[in-house]
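# Structure at a glance
One-letter residues, chain by chain:
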Amino acid sequence: MGFNTTAIHGGFIDQEKKAVNYPIYLSSTFAQPDVEHEGEYCYSRGNNPTRASVEKLAADIEGAKHGIATSSGMAATSLVFELLNKGEKVLINDNVYGGTWRFVSNLFEKRGVEYEIVNNFNDYDFDKVDENVKMVFIETPSNPLLEVTDIRKVADAAHKKGILVVVDNTFMTAYLQKPLDLGADIVEYSATKYYGGHSDILAGLVILNDDELFTRLKFINNTLGGILSPIDSFLLQRGIKTLGVRLDRHLSNALKIAEYLEGIDATEEVYYPGLKSHKGYELQKKQANGAGAVISFKFNENSYDLDKFVSKLKLFSFAVSLGGVESLICRPSTMTHESYAKELQEKIGITPNLIRLSVGIEDVEDLIKDLDDAFNYSRK
Ligand SMILES: Cc1ncc(COP(=O)(O)O)c(C=O)c1O
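Residues numbered from 1 in each chain as written. Predicted model: local features only at pLDDT ≥ 70, side-chain atom pairs only at ≥ 80, totals over all residues. Heavy atoms only, no water.

## Comments concerning the overall build of the protein
To be explicit about the condition: Comment: elements are numbered from the N terminus, with helices defined as DSSP H or I runs of at least four residues and strands as E runs of at least two. Note that the radius of gyration is over C-alpha atoms, with the globule rule given as 2.2 Å times the number of residues to the power 0.38. Each residue is placed in one exposure class: buried if its accessible area under a 1.4 Å probe, protein chains only, is under 20% of its type's maximum, exposed if it is over 50%, and partly exposed if it falls in between. For every accessible area listed, the method is Shrake-Rupley and the probe measures 1.4 Å; residues are considered covered only by the protein chains on display. In this tally Asp and Glu are treated as negative and Lys and Arg as positive; neither His nor the chain ends contributes. Taken as the charge centre is NZ of Lys, CZ of Arg, CG of Asp or CD of Glu, depending on the residue.
Scanning the protein for helices and strands turns up 13 helices and 12 strands. The globule rule puts the C-alpha radius of gyration for 380 residues at 21 Å, and the 21 Å found for the protein is close to it. Its C-alpha atoms give the protein principal-axis dimensions of about 75 × 50 × 35 Å. The buried share of the protein, reckoned over its 380 residues, is 56%. For the protein, the accessible surface area stands at approximately 16600 Å², while carbon and sulfur atoms represent 50% of it. Taken together, the 41 basic and 54 acidic charged side chains of the protein have centroids lying 2 Å from each other.

Rendered as structure tokens:
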């Protein structure tokens, strides 16, 4: 079955009433068959039919065995980080979502977990890794600089050392990139973004094939309680059904906007792996079916006024987040990535004039006009 068919027909089917949408089970608890046995559902923190349906759907579109739906993307990341024990170490690429960095830089120390920031995994020498390295955590393309990591290469090298490979696939979704097929062990998402697709829920997903690891993660999630509510599970399922068609439009809009940005003097550099000028272009083409719809660029502050530019935009809302139908614009250094120390931001390239766009599915001519009007208005 094709991706869109699976997205629309995957998950559970309502056998009883034949509703085409699997119902919302708003019940915290479920009556049990007898004193000796536990029914399929017991208590909604552990399992809920609506959540189980979207978990199956998310696993189906990934071509995977197991899915766990969490209360946010950070709950998914936190769940995965629970696999790290005291004394163990994770390798993480140097630009990741700011909340992930906030977790790593603030909560690992008291847990006795170590981390190493890797500038470029593509030429990282896994032969020299410490014995306590147990996990590699990658975002590709990375947030906010859109750097591309070779998942297959990293997974092969890491597995030789018995290291677990986790990919935050939020920017790509299963429609564009399948990290498990490229050798990763766990794929996770902020489903708040493209999966939900309408900026109306927070959700996270952890997807994997390994039965033992799944049982462990499921146990931990039931213990910690960061689960997705039945209503949000329903909305997430609804969002996933249109993921493919939305992304087709996101992608074509994003490429046109990236090309537009590359051709004007208001930008100094444009970061989008769908542009031939991007250093990860070939690799992105090899391992994914598209470049996504997040574009970053360096704003030319010598000739243009950033404040005036942002205030003039009508269609791009000045807001964090991404992956919704509407276009957004943000400044990572003071917004999504403010948890990075200033020196680290500078070192990585998250400068104050770095701007990130989440390109929505509006008419692209209107989006380009909106940007063009704002650039013209802000010219010094
Ligand atoms: C790549 C990535 N991973 C994880 C997260 C965290 O997700 P959430 O905001 O749903 O907790 C985000 C949020 O922006 C993100 O962009």
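## Overview of the sheet that holds strand 4 (residues 133-139)
Strand pairing within a sheet occurs via backbone hydrogen bonds; the two strands may be parallel or antiparallel. Where we set the bar: Pairing between two strands is assigned when DSSP locates at least 2 bridges connecting them. Throughout, an axis means a line fitted to C-alpha atoms (over the contacting stretch in the case of helices), and angles, computed between N-to-C directions, take values from 0 to 180 degrees. A contact between two residues is defined here by any heavy atoms of the two lying within 4.5 Å.
Across the sheet, which stays open at both edges, the 7 strands sit in the order 1-7-6-5-4-2-3 with mixed pairing between neighbours. Edge strands, defined here as strands with exactly one partner in the open sheet, are strand 1 (66-70) and strand 3 (114-118). Strand-to-strand twist across the sheet, computed as the mean angle between neighbouring axes with direction ignored, equals 20°. Pairing analysis gives 4 bridges linking strand 2 (residues 89-93) to strand 4, with the strands arranged parallel. For Val 90, the partnering residue across the bridge sits in strand 4 and is Met 135. Sheet strands touched by helix 7 (residues 211-224): strand 1, strand 5 (164-168), strand 6 (186-190) and strand 7 (204-208). Its angle to strand 1, the strand with the most contacts, is close to 20°.

## Some points on the domain arrangement of the protein
Our working rule: Note that the domain bounds were set by an automatic or database domain assignment. Each of two parts loses accessible area, computed with a 1.4 Å probe, when they are put together; buried area is these two losses added. Criterion for a salt bridge: a side-chain nitrogen of Lys or Arg within 4 Å of a carboxyl oxygen of Asp or Glu. Each polar contact in these results corresponds to two N or O atoms within 3.5 Å; when the atoms are within protein, one needs to be able to donate a hydrogen and the other to accept it, and residues that are neighboring in sequence are counted only if both atoms are side-chain atoms. In this classification, the charged set is Asp, Glu, Lys and Arg, the nonpolar set is Ala, Val, Leu, Ile, Met, Phe, Trp, Tyr, Cys and Pro, and all remaining amino acids, among them Gly, are polar.
We note that the domain assignment places domain 1 (3-241) and domain 2 (243-378) within the protein. Put simply, the middle of domain 1 and the middle of domain 2, counted by C-alpha atoms, are 26 Å apart. Taken as a group, Leu 145, Leu 176 and Tyr 194 account for 22% of the area that domain 1 buries against domain 2, more than any other trio of residues on that side. Viewed at the interface, domain 2 and domain 1 are joined by 2 salt bridges. Arg 102 serves as the salt-bridge partner of Glu 338, at 4.0 Å between the closest nitrogen and oxygen. Counting the contacts that link domain 1 with domain 2 gives 20 residue pairs in polar contact (both at pLDDT 80 or more). Top contributing element to the side of domain 1 that touches domain 2 by residue count: helix 4 (residues 98-111), with 4 residues. Across the side of domain 1 that touches domain 2, the residue classes break down as 20 nonpolar, 15 polar and 6 charged.

## Brief notes about the pairing of strand 12 (residues 354-358)
Burial of strand 12 is extensive: 5 of the 5 residues sit out of reach of the surface. Here strand 9 (residues 294-299) pairs with strand 12 via 5 bridges, running antiparallel. The partner of Phe 297 across the bridge, within strand 12, is Ile 355.

## Details of the environment of Lys 17
With respect to the helices and strands, Lys 17 occurs in the loop between helix 1 (3-9) and helix 2 (49-62). For the pair formed by Lys 17 and Asp 200, sequence separation is 183 residues and the distance between their alpha carbons is 28 Å.

## Digging into the site of the ligand
Here is the rule we go by: Any residue with a heavy atom lying within 4 Å of a molecule or strand is counted as near it.
Gly 73, Met 74, Asp 168, Ser 190 and Thr 192 are the nearest of the 13 residues found near the ligand. Met 74 places a main-chain nitrogen or oxygen 2.8 Å from an oxygen atom of the ligand. Here Lys 193 contributes a side-chain N or O atom positioned 2.9 Å from an oxygen atom of the ligand. In isolation the ligand exposes 390 Å². Once the protein is present, 94% of that is buried. Tallied by class, residues from the shell around the ligand come to 4 nonpolar, 6 polar and 3 charged.

## Describing unusual backbone geometry
For the bond from Thr 140 to Pro 141, the omega torsion is -10°, close enough to zero to count as cis. Position of Pro 141 among the secondary structure elements: in the loop between strand 4 and helix 5 (151-160). Of note, the bond from Asn 143 into Pro 144 is cis; its omega dihedral lies within 30 degrees of zero at 15°. Checked against the element boundaries, Pro 144 lands in the loop between strand 4 and helix 5. The residue Leu 146 is not glycine, and still its phi comes out positive at about 60°.

## Considering the pattern of salt bridges
By the definition in use, this model includes 12 salt bridges. The shortest N-O distance in the salt bridge between Glu 116 and Lys 89 comes to 3.6 Å. Separated by 27 residues along the polypeptide, Glu 116 in strand 3 and Lys 89 in strand 2 bring together distant segments of the chain. In the salt-bridge network here, residues are joined through shared partners; they are Arg 51, Glu 55 and Lys 218.

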